[in-house]
Amino acid sequence: MTVSKGNHFEEEFRKIKENLEELCRDIKALAVLLIDKAGQLITTAGNTSFLDIPSFATLSAADFAATSNLADLIGEYDFTTLFHQGKEKSIYVSLISDQVILAVIFTKETTLGLVRIKVRKVSKKLEGFFDKIFADIEGEYVGMIDDDFIGEAESELDSLFE
Amino acid sequence: MSLINYSSKEINCKIVYYGPGLGGKTTNIKYVYSKVNPESRGKLMSLDTELDRTLFFDFLPVNLGKVRGFTLHFHLYTVPGQVYYNASRKLILKGTDGLIFVADSQIERFEDNIESLENLKENLAEYGVKLGDIPLTMQYNKRDLPNIVSIEELEEVLNPRRVFFSEGVAIQGIGVFEPLKEVSKKALRRLK
């Protein structure tokens, strides 16, 4: 379950988003996406209007999970980056703080080398933010979710799955 | 622990259909897709083999809309049921918030149900999770067929905790929404 915890993390989140937008501009990427390892989208930067985001997030996480297992089969702990090269668009995927997947979609106007360098740089910064967030989450209580909230959500469920 | 969507006030809930091969997991998710308002659902994605058997997973995002400022998303997954796709199954289980076990009621598939349930426990154990820790509902599918095991016997063997179950004919949509609704509610209640 992924749950927003409101203001507490907003400052970190704002910094993460700023860094992603900067990365997107620097390497002229089409879009940058942050996804958790269970396949849930965290945030995006750039233009994602052409993209089916839930499917992209799910497949990226599955892709990463599958290749982690491939790594395991050859005695590696993890492949920390993946690269899928297309004729017009390519995808570069890397792992941050062992928990979060950063996917960059770019065109042939950008070189893989530049993407690699810039992603490595921004990953280090993001790791700092995420490590802080993960540390803060420990023991955090989601106070916003009460009986009334659950009741309302349940009636939404009833009407959706009629 | 899954990661949190900090800024956009979102709750994402991952529900996984588990069970033996050809038990009707994909049929369930396809029925949900066909019945949910198109505005509330995304694309149904299937990663199949050429013979229409699930290779990796099926995936359907469903949006519940906003509840007091929070946007609720339910992501429905199926796992491939065939025994040799265990690596895929294990991957899909990661970060699961709720499980629907789709059992095949046919007498000749009885053992397969037990084997699949054991496999589920083993795979969860690798993530350090017990079956009892995760919201679970059961669907005893294919109740329209003639050669089926009685509900009492299925309950006795597959459902010792006596969690919610439905009698399903997934292909006709019978007993599809009930276990989904129940497990989704259980998953929501765990938020507290």
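That block above? That's the structure.
To keep things clear, this report deals only with the structure shown in the data block. Please read all numbers here as calculations on a predicted model, not as lab measurements.

## Overview of the sheet that holds strand β3 (residues 41–46) of chain A
Pairing between the strands of a sheet comes from backbone hydrogen bonds, and it takes one of two forms, parallel or antiparallel. All names here are of chain A. The strand order β3-β2-β6-β5-β4 describes an open sheet built from five strands, whose pairing is antiparallel. Edge positions in the open sheet fall to β3 and β4 (81–84), since each of these has one partner strand only. Pairs of neighbouring strands in the sheet enclose a mean axial angle of 15°, with direction left out of account. The pairing of strand β2 (residues 31–36) with β3 spans five bridges and is antiparallel. Within β3, the position partnered with V32 by the bridge is A45. Docked against the sheet, helix α1 (residues 10–26) engages β2, β3 and β6 (100–107), running at close to 40° with respect to β3. Packing of helix α2 (residues 53–73) onto the sheet brings it into contact with β2, β3, β4, β5 (89–96) and β6, and relative to β2 it is tilted by some 65°.

## Examining the interface of chain B and chain A
Interfaces are often described in size by the accessible area the parts lose on coming together. Taken together, the contact pairs 47 residues of chain B with 48 residues of chain A. On the surface where chain B and chain A come into contact, there are five salt bridges. Across the salt bridge formed by B:K43 and A:D52, the nearest N and O atoms sit 3.9 Å from each other. Our count for the contact surface shared by chain B and chain A stands at five residue pairs in polar contact (both at pLDDT 80 or more). The set of elements that each furnish at least two residues to the side of chain B that touches chain A consists of β1 (10–18), β2 (45–48), β3 (54–67), β4 (70–78) and α5 (177–189) of chain B. Of the residues in the side of chain B that touches chain A, the class split is 27 nonpolar, nine polar and eleven charged.

## Focus: the packing of aromatic side chains
Two numbers describe a pair of aromatic rings. These are the distance of the centres and the angle of the planes. Inspection of the entire model under this criterion finds seven aromatic pairs over all chains. Between A:F83 and A:F106, the aromatic rings sit 6.2 Å apart at their centres with planes inclined by 10°, giving stacked as the arrangement. Of this pair, A:F83 sits in strand β4 while A:F106 sits in strand β6; the two residues are 23 residues apart in sequence, bridging distant segments of the chain. The class of A:F83 is partly exposed, set by a relative accessible area of 31%. One aromatic cluster in this structure is built from A:F161, B:Y31 and B:F177. For B:K14, the ring lying beneath its charged end belongs to B:Y77, and the centroid distance is 4.7 Å. Lying across the ring of B:Y33, B:R41 places its NZ or CZ 3.8 Å from the centre.

About the cut-offs
Residues numbered from 1 in each chain as written. Chains lettered and ligands numbered in written order. Predicted model: local features only at pLDDT ≥ 70, side-chain atom pairs only at ≥ 80, totals over all residues. Heavy atoms only, no water. Pairing = 2+ DSSP bridges. Helix = DSSP H or I, 4+ residues; strand = E, 2+ residues; numbered from the N terminus. Axes fitted to C-alpha atoms, helices over the stretch in contact; angles between N-to-C directions. Contact = heavy atoms within 4.5 Å. Salt bridge = Lys/Arg side-chain N within 4 Å of Asp/Glu carboxyl O. Polar contact = N/O pair within 3.5 Å; in protein donor to acceptor, adjacent residues only side chain to side chain. Nonpolar A, V, L, I, M, F, W, Y, C, P; charged D, E, K, R; others polar. Phe/Tyr/Trp six-rings, centres within 6.5 Å; stacked < 30°, edge-to-face > 60°. Buried < 20%, exposed > 50% of the residue type's maximum accessible area, 1.4 Å probe, protein only. Lys NZ or Arg CZ within 6 Å of the ring centre and 35° of its normal.

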